[in-house]
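Descriptive structure summary
Residues per chain are reported as follows:
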Amino acid sequence: RNGECPMIVVAASRPNDCFEMAFEACRLALEHMTPVVLLTDGYIANGAEPWKIPDLDKKFNKISSRLIDPSKTSSEGFLAYNREDKTHVRNWAIPGMEGFEHRLGGLEKDVKTGNVSYDPDNHEKMCHIRAEKVKRVEDNIPLQTLEGEDSGDVLVLSWGGTYGATHMAAKELLEQGKKVSLCHLKYINPMPKNIGDILGNFKKVLVCELNLGQMRNIINAEYSIGAIGYNKVQGLPFKISELVEAVNRQLETL
């Protein structure tokens, strides 16, 4: 996640929030001038859910960007790769703006001028800047919320199209009086800034995902909490009953 070319990653969780997360992907791409990956999966695509068309003016804030106004900005000495100090976001000059032409492409640019650079020190500096730029996006996304109490015995952590099953499993366990909460992630990179605090408030964290444990590996690498994985790679979704059983097994070991 903090490699040479970090980027923002968000994920839809159900058919109902696909529009919202697509809007979020566009908002973050434009406001932070960086690529954004929007993750969805087949179970969301094949699902159906009522969706009320939102009032766009009330529900969604206006997207702001650093698109320059040629009538108010001098092209003389313009540096397309100059960054704003707080967010590391660059000014945005689009094709067709006379006098604001600049180099595009995959070659490394000088941190100040934007000229192609083969300097190794500049390359390392740019890698750190790009990683920090994505990390600072956490100031522009909502804090993570939970279903259930803020602390307890087992935290079920999930993401993507597993929401329906993990939501119902957590609901069933809560109705049984178990000290279980659900943390379903929509912002994958960066994660909300309060994730570390949330994870530390539970005796065990069970990461439920339909793969071999990618999210569990990320969580353990960044927060060193010994999260446990419940994984399934059969081309089939989770059953609510199997998730309930998996959580109960963790509760029995406390």
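Computed from a prediction, not measured in an experiment: that's the story for all the values here.

What counts and what doesn't
Numbers given for residues are sequential positions, taken from 1 along each chain in its written order. Selection of residues for local features in this predicted model requires a pLDDT of at least 70, selection of side-chain atom pairs for listing and counting requires 80 or more, and totals for whole chains, interfaces and linings are taken over all residues. As a rule here, side-chain values come from all non-hydrogen atoms in the structure, and water together with hydrogens is ignored. Categorising residues by exposure relies on relative accessible area from a 1.4 Å probe, with only protein chains included: less than 20% of the type maximum marks a residue as buried, more than 50% marks it as exposed, and the intermediate range marks it as partly exposed. Helix numbers and strand numbers start at the N terminus; a helix is a DSSP run of H or I with at least 4 residues, a strand a run of E with at least 2. Note: two strands are recorded as paired if DSSP finds a minimum of 2 bridges between them. By the criterion used throughout, a crossover qualifies as right-handed when its path from the first strand across the helix to the second strand runs clockwise, the strands pointing away from the viewer. All axes are obtained by fitting lines to C-alpha atoms, using only the stretch in contact for helices, and the reported angles, taken between N-to-C directions, cover 0 to 180 degrees. Salt bridge, as used here, is a side-chain nitrogen of Lys or Arg placed within 4 Å of a carboxyl oxygen of Asp or Glu.

Considerations on the pairing of strand β4 (residues 180-185)
A regular strand places its side chains on the two faces of the sheet in alternate fashion. Burial runs high along β4: six of the six residues are buried. In β4, alternate side chains face the same way, and those of Val180, Leu182 and His184 on one face and Ser181, Cys183 and Leu185 on the other are all buried. Sheet topology note: the strand β3 (residues 152-159)/β4 ladder contains six bridges and is parallel. When the sheet's bridge partners are listed, serine 158 is paired in β4 with histidine 184. Of the crossover connections in this fold, the one passing from β3 over helix α5 (residues 163-175) to the parallel β4 is right-handed.

Quick word on the sheet that holds strand β2 (residues 36-39)
Strand order in the open sheet formed by three strands is β2-β1-β5, with mixed pairing between adjacent strands. On the outer flanks of this sheet lie β2 and β5 (187-189), each paired with one strand and no other. The mean inter-strand angle of the sheet, taken between neighbouring strand axes irrespective of direction, is 25 degrees.

So, the pairing of strand β7 (residues 228-231)
The pairing of strand β6 (residues 202-209) with β7 spans four bridges and is classified as parallel. Counted as the bridge partner of glutamate 209 is asparagine 231 from β7. Regarding topology, helix α7 (residues 214-223) serves as the crossover connection from β6 to the parallel β7, and that connection is right-handed.

Some thoughts on the pattern of salt bridges
The final tally for this structure, using the stated rule, is twelve salt bridges. For arginine 14, the salt bridge is made with glutamate 49, and the minimal N-O distance between the two is 2.1 Å. Note that arginine 14 is positioned in the loop between β1 (8-11) and α1 (18-32) and glutamate 49 in the loop between α2 (42-45) and α3 (56-59), a separation of 35 residues in sequence. Using a relative accessible area of 30% as the deciding quantity, one classes arginine 14 as partly exposed.

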